[in-house]
Structure formats: structure tokens, C-alpha cells
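# Inside the fold
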Amino acid sequence: MKSAVTRGPSVRDRSTLLFPAHRSYRRLRRVTPRTIVQTLALLLVLEGALLFRADWISALVGRAALALVPPLHTPVTLVSNSYFGVRVQVLSFVLPASTYWVQLLWLAGGALVLGAAVAVKKIPVPVRVFAGFAAVLVCVSAYYVLVFGHIGFDGYDVSRLYIRTAMVVWLLLPILLTASSVALPFTMFERAALLVGCVGVDIAFSLVRYAFFVWFIGSVGPIPMPMLYLLLGPALDFLYIIGIASVALVRLSYRLDHAEGPETWTWT
Amino acid sequence: MDLALKVWVCVVISVMMVYALRHWLISIRRLVGSQRPYYQDLLDSDLPSVSVVIPMHNEEAVADQILNALLDSAYPKHLLEIVPIDDHSDDHTAEILRRYEAEHSQVKPLFRNDRVRGKPAALNEALTAATNEIVLVFDADYRPGPDAVRALVMAFQDPEVGAVMGRVVPSNAGATLLTRLLDLERSGGYQVDQQARYTLDLVPQFGGTAGGFRRSVALSLGGFGPRVSADDTDLTVRLYLNGWKVAYANGVECYEEVPETWDARFHQLRRWSRGHNQVLLRHGASLLRSRYLRPIQRLDGMLMLVVYLVPPLLLSALAAELVLFLQGDLLLLPTVILAFFLVTYSEFGNFAPFLQVGIAGVLDGMAERVLFLPFFFFAYLFNQLAVTCGLADAVLDIVWRRDPIWRKTPRFRR
């Protein structure tokens, strides 16, 4: 015997609703335990794949980055290194010696950009703030090198720090995205596309950025390292991940507002 | 020294984690949890007399619009008193108010030319001039809908409600990139954050406009402090400390003009930060000990007050990271966690609350406007700077014992 099931109004019923759920108080239906279990299973599979294939991913990223790095004044080699039991492939290179004049030049350049960020009113304020922030990091770094002679990291150290950071971000990213999207009514295919797409794009962009990072530091010396590591890297990560997430939200929003079938929204 | 820096970074990360968790819970709760209906949905009764106060300083461009909107209100004319306050205007605002006074008996303007300028001082004067117990406040650039007054007044049928707040929606959202971002930010702040706080019986905030309060209560609490830049937050906290509640009406949408230039936005944020931090210093300890609030409400109240301390904290943690980096003593884990929570804070955080904004976009059916989300990153650093300057102002106010000078956000109406 068929059990009685409470369902939302049909498409035909919707047209007769006197008071459709107003945006102020409407909400979505609660996530079902099944969806939560499926989402967690998806997360576990992805995390498992990332963990169990970490050696392979690291080797792939290391080799691809090595192939992308343009020639430097010293050779760039791939060095194997262990990190929490994972064999990480790190690009090793020698930082060019930074002379007194080069340090002064960075300091002056940073100060010039900072001055321009403060004075040139025609540039939009957020861009000026971003440039000013980057210039402050460069100035502090140049001043430190000028006073103490060197930064605490050599080429290999900073390269290792970069790739380890990237690997931890690859592992944390799916958790963050799952937490953000678990209550949203994505299909399992969309969830998988969002998670795999973001991690895939992050891995691809990380290796391009890694190659650029090694080439740039290997060419101009260590002074811009803090700016790249503490500002530009996180900014780029942030921009494209939020970009992908916002596209997914737009698709979802359209689907919810143009859905056929039972009323999507619940009221109070 | 190094150990102290590492400990400091960990402290900041802990604060980020609390905010991240709070924003995540609030967002999910608003998206799928049952909503608390507003009073209008439940009750109707004889309407009380109400005074609507409109502080104005050089508002000739918008004065007609707000006065006409209120005169066209669905509220019974004989129960409505409109009190526009001309606060040291040197344009044609006073003439406009005199014209309305002559044509409409319910318009009773106040003219202030020889006393301290500023919204708190103007409101204090209006409190003594207004004749009704329920006082609503609208800024001059607001456009309340015909039902707004009635809907806001409904909340005061609850004897525990001391103030009510409506939803603010930008009217010039399409003007610039900044207004687009502020539209998203307001949407996240009201549709998700305020509504969830109201539903969960936490501490929704009275925003000083598009809302109202009981006149006798405001007077008994000493009115509005002229030395506080955030008179609305100050009143909110004092209401809670004295056992009153603040209601939030998500369905009462009032249109306002948001800043169209980054300079104007910078000064607005700086003022808010200054005022918020002043209130934190004045009432933070009392809020934590309040006998009228449950522990969860005290926590929410403190998170509301501390929020303008977070950007300076983040900047200080970044400075500590920079020193550790230069010394080659950067622990990988804190670095990653900080970077992670920088993103997380941006995702869940207050000034660019991505999850909240995204969910608000879905609930509001904003669709393609959500595509502007990544641009929040640029506003994020900008906000950090403006809020940090505001904190510095608040500290200098104490050190130099100076009074804040009220600086109105410029109008952009063409």
C-alpha cells in the first residue's frame, strides 16, 4: 500500500498561490541525511585520492614546474624531500647575491610605489591600497636585507615552503568548499564538479605560479619573497576559487527561481 | 621574541576560527532553518501615534523625496507626526522644511543653528520635541515604502521590544562597482545575518535609521551620547544591558543611497569603526556581565562589538608573519592556517562575508549579481585599512580627550 507523502504544490497549484514565499522569510528545505552522507562520501573520496596520490601529484607538479621555469643563471634541479611521509618534489636553486645597490634600488622602488599609491588619486583606491600594501612588504624586506645582510630562507628553503603550503591548501580546500556548499541544493554531479574543479584549477595554477615564483626569485633575488608568499599568492588563490564558487551560485540561483515542479521555497 | 610572535599569530587564528564558525552557523541556519515571523504576521491592533524624526544637514537634494514618501505613507495621518531636523544646513533645506510645514499640519520641523552639530545631538533635541512614545528615525536619503511606518510600529506591541530595525536596500546599486559590492554586502548583512540573529533570539542590531525606539526608554537611558560616533550601536547595547529587546523586520525594506566613491566609503567605514570601538570600550565589560542576557547572547553581543577590532588584529598577525618570514623562522603550520583563515575570514568574515553574501544572493534571487563576489578581495584590504584608521581614531579620542566631529556621508543623487 502506498504511504501518504506530503508534497509541495504542483506547477498548476503554484499559479493559484495567493502568497508566494516572499524573499524576506523564504528558506530552502533542510538538507536530507542522505545528501549529507553523499557529500561526506564525496569529500572522503577526494581527500583519499589527494592523500594516496600525493607522491604522484607532487612529482607531476615538480616536473611540470621544472619544464616551465625559464633558464636562470644557476641550474634548477628537482630534489626529493619527505613531508609527513609524502615524497615531495622541490625545485632547488641558488638565489642570486643581492648587492648593496640592488637592495637600495628595491627600497627606493618600494618607497616610490608607496608614494604613488598615496599621491596618485586617479587610480581607484582599492588598487592603491593593494599596491601600497605590496610596496610596504617590499620596503620592509629590502630594509631587513640591507641591515642584516640576508633573509632567513635560501632558495631551496623557500621553494620547499611554497610547495608544502600548496599541498596543505589542496587538502584543506575541499573541506572548506564542502562546509560552504553542504546546505545548498546542488546535485551530486555539481558538487563533484565544484570540488574537483576547484582543486584541479588550484593544482594547475599552483604549478604555474610555482614556476613563476622560482624564476622571479631566482632572477631578482630574495627581497620580493615575502610579498609573493604573504600577499600575491593568497590573493590569486582566493580570486579564482571564489570566482568558480560564484559561477556555481549563479547557476543554482537561476535554477531555484525558474524551477519546474514543487515549490522550491519554504516559508517560515 | 619569536615565541611571542608565534603565540600572537595563534591567538589571532583562534579569533578567526570563532568568527568563521559563527558566520558558518548563522548562514546555514538562515538558509535552511525555520524563520521567526515578524510581528505583523501575527498581530494587528489599534495603531499608536508615532513621531518620525529625520536628521538633515544640507539635504536639499533629497528632502522632498523623504517627506513626500512619509506623507504618502499608509499610516493614518492624524496619528503621524513628522519631525525633520535642519541641523546647521547652509543650503535650501530650511526653506524646503518651512514650505512643508506651511502645507502639511503633521510636519513639525526643528531648526538647529546655534548648538553642537551632529546626528546624536539632533536626535536628543528631537526626543524632547517629539510628542509621541514611539519614535521612528529615517536618514534623509531613505525612501520608506508606504507600509514601512505601520510595519515598524507593529513591533512595539511587544512590551519587551525597546527598538526595531528594518532592512536597508541600496537604491543606487547599479551606479558603480563599489555600489554593486555594497549591495551584496548589505544583502548578506540583513537578509542572512540580522534575520538569523533575530530568528535565533540573539542580539540583532538597531542601525540608527530605518527603525525606531520607545522615546521614554531612550530618555531614561540618557538619550544619544554626543561623544560616540556610532550612536546606534551605543543605544543597541544600552537597550540590551537594561533588559530590552531589539526586533528586526526583514520584510520592511527601505531604500537608501550607498556611497558611490571609495573616499566616501573609506570615511564612512572609519567612522563606524571609531564608534563601534568606542562602544566596545564603554560597554564591553558590562555586556559580558549582563544579567538580562543569556551566555549565547552575551557571546553574540561581544562578537558584534569586537568585529571592528578584527582587521587590526589580522594586520598585526601579518606583521608578525612577516618578521618570522624574514628571520627564516616561519612555522609552516601557522602560516598555512593563517593563510587558510585569511581566506576563511573572507569567506565567512564580516566585511566581505562571502558565504553570507552568496546565500543572500540565492535567497534574494540576485543571480548574476553574485558574479561580483571575487571583487570583494580588493574591498577587503581597503576595509582593513579604513577600520584600522577608525580604531586609531577611537584610541586617540581617549588619549587626547577629544570629541568626534560628525562627518556626514556625502549624497550622490543627481
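Residues numbered from 1 in each chain as written. Chains lettered and ligands numbered in written order. Predicted model: local features only at pLDDT ≥ 70, side-chain atom pairs only at ≥ 80, totals over all residues.

## Quick notes on the overall build of chain A
Secondary structure summary: chain A contains 8 helices and 4 strands in total. When its helices and strands are written in sequence order, chain A yields α-β-α-α-β-β-α-α-α-α-α-β. A compact globule built from 268 residues would reach a C-alpha radius of gyration of about 18 Å, whereas chain A, at 25 Å, exceeds it by more than 25%. A burial count over chain A gives 35% of its 268 residues as buried. Here the contacts in chain A between residues at least 6 apart in sequence split such that 80% fall between residues at least 24 apart. (Helix = DSSP H or I, 4+ residues; strand = E, 2+ residues; numbered from the N terminus. Rg over C-alpha atoms; globule rule 2.2 N^0.38 Å. Buried ≥ 20, exposed ≤ 12 C-beta atoms within 10 Å, placed from the backbone. Contact = placed C-beta atoms within 7 Å.)

## Some thoughts on the pairing of strand β8 (residues 245-256) of chain B
Residue and element names in this part refer to chain B. Most of β8 sits out of view: 9 of its 12 residues are buried. Looking at chain direction, strand β5 (residues 143-144) and β8 are connected through 2 bridges and run antiparallel. Residue pairing for β8: Arg143 is matched across the bridge by Tyr255. Inspection of the sheet shows strand β6 (residues 161-170) paired to β8 by 9 bridges, in the parallel sense. Looking at the pairing, Met165 lines up with Tyr248 of β8. (Pairing = 2+ DSSP bridges.)

## A closer look at the pairing of strand β4 (residues 134-137) of chain B
Residues and elements named next belong to chain B. On β4, burial covers both faces: Ile134 and Leu136 on one face and Val135 and Val137 on the other are all buried. As judged from the 4 bridges shared by strand β1 (residues 50-56) and β4, these two strands associate in the parallel manner. Considered in β4, the bridge of Val50 is made with Ile134. In this structure, β4 lies alongside strand β7 (residues 211-214), joined through 4 bridges in antiparallel fashion. Each bridged residue has a counterpart across the sheet, and for Val137 the counterpart in β7 is Gly211.

## Points about the sheet that holds β5(B)
All names here are of chain B. Strand order in the open sheet formed by 8 strands is β3-β2-β1-β4-β7-β6-β8-β5, and the pairing between neighbours is mixed. Sheet topology places β3 (110-112) and β5 at the edges, where each strand pairs with a single neighbour. Summarising the sheet, strand β2 (residues 80-87) and β3 pair through 3 bridges and their orientation is parallel. Residue Asp87 lies in a different strand from β3, and its bridge partner there is Arg112. Strands in contact with helix α4 (residues 119-129) are β1, β2, β3 and β4; relative to β2, the strand with the most contacts, it is inclined by about 145 degrees. The sheet contacts of helix α6 (residues 177-199) involve β6 and β8, and relative to β6 the element is tilted by about 150 degrees. (Axes fitted to C-alpha atoms, helices over the stretch in contact; angles between N-to-C directions.)

## Quick look at the domain arrangement of chain A
One frequently used descriptor of interface size is the decrease in accessible area upon assembly of the parts. All names here are of chain A. In terms of domains, chain A is made up of domain 1 (22-96 + 153-258) and domain 2 (99-149). The centre of domain 1, based on its C-alpha atoms, is set 29 Å off from the matching centre of domain 2. With 8 residues of domain 1 at the interface, the matching set in domain 2 holds 10 residues. (Domains from an automatic or database assignment.)

## Some thoughts on the confidence of the model for chain A
Residue and element names in this part refer to chain A. The predicted model of chain A averages 86 in pLDDT, with 90% of residues at 70 or higher. When pLDDT is averaged over each helix and strand of chain A, the minimum, 48, is found for helix α1 (residues 11-14) and the maximum, 95, for helix α2 (residues 33-52). In the model, residues 1-7 has pLDDT below 50 throughout and makes 1 contact with residues more than four positions away in sequence or in other chains. (pLDDT = per-residue confidence, 0-100.)

## Some points on the interface of chain B and chain A
The interface of chain B with chain A comprises 53 residues on the first partner and 54 residues on the second. Looking at the side of chain B that touches chain A, the elements with two or more residues in it are α1 (2-32), β8, α9 (262-289), α11 (310-326), α12 (332-348), α13 (354-364) and α14 (376-400) of chain B. Here the element with the most residues in the side of chain B that touches chain A is α12(B); it accounts for 10 residues. Grouping the constituent residues of the side of chain B that touches chain A by class yields 34 nonpolar, 13 polar and 6 charged. (Nonpolar A, V, L, I, M, F, W, Y, C, P; charged D, E, K, R; others polar.)

## Overview of the environment of B:Leu184
Residue and element names in this part refer to chain B. Within the element layout of this structure, Leu184 appears in helix α6. In sequence terms Leu184 and Leu373 are 189 residues apart; their C-alpha atoms lie 8.1 Å from each other. Among all residues touching Leu184, those that are not within four sequence positions of it are Val357, Gly361, Arg369 and Phe372.

## Considering the packing of α1(B) against α11(B)
Residues and elements named next belong to chain B. Here α1 crosses α11 at 145 degrees, and the two axes come no closer than 9 Å. Read as a crossing pair, α1 and α11 show a hand that is left-handed. Taking contact as the criterion, the partners of Asp2, Leu5, Trp8, Val9, Val12, Val15 and Tyr19 in α1 are, on α11, Val310, Leu313, Leu314, Ala317, Ala320, Glu321, Val323 and Leu324. Taken together, the residues of the contact of α1 with α11 break down into 13 nonpolar, no polar and 2 charged. (Left-handed = near helix turned anticlockwise from the far one by under 90°.)

## Some words on the packing of α1(B) against α13(B)
Residue and element names in this part refer to chain B. With their axes 9 Å apart at the nearest point, α1 and α13 run at an angle of 10 degrees to one another. Relative to α13, the element α1 is oriented roughly parallel. Residues His23, Trp24, Ser27, Arg30 and Leu31 of α1 pack against Leu355, Gln356 and Ile359 of α13. Classifying every residue of the contact of α1 with α13 by side-chain character gives 4 nonpolar, 3 polar and 1 charged. (Parallel < 35°, antiparallel > 145°, perpendicular 65-115°, else oblique.)

## Considerations on the confidence of the model for chain B
Residue and element names in this part refer to chain B. Confidence in the prediction for chain B averages 87 pLDDT; 93% of positions are at 70 or higher. Between the elements of chain B, mean pLDDT differs from a low of 63, seen in α12, to a high of 96, seen in β4. Of the two predicted TM-score estimates for the complex, the pTM is 0.89 and the ipTM is 0.86.

## As for the nonpolar core
Judged by nonpolar contacts, the single largest core of 103 residues is most densely connected at A:Val138, A:Tyr210, A:Val214 and B:Phe382. The contacts of A:Val138, once residues within four sequence positions are left out, are A:Trp106, A:Gly110, A:Ile223, A:Pro224 and A:Met227. In this structure, B:Ile54, B:Ala151, B:Phe224 and B:Trp244 belong to the second largest nonpolar core, which totals 72 residues. (Core = buried A, V, L, I, M, F, W, Y, C linked by C-beta atoms within 7 Å.)

## Topic: α14(B)
For α14(B), spanning 25 residues, the distance from its first C-alpha to its last is 35 Å, which sits close to the expected 36 Å at 1.5 Å a residue. Remark: B:Arg401 follows α14(B) within two positions and exhibits a positive phi of approximately 50 degrees. (Expected span 1.5 Å × (residues − 1).)

## As for unusual backbone geometry
Both trends apply: most residues other than glycine have a negative phi, and most peptide bonds are in trans. Residue and element names in this part refer to chain B. At Asp201, a residue that is not glycine, the phi angle is positive and equals roughly 60 degrees. Relative to the helices and strands, Asp201 resides in the loop between α6 and β7. For Asp201, a count of 13 C-beta atoms within 10 Å puts it in the partly exposed group.

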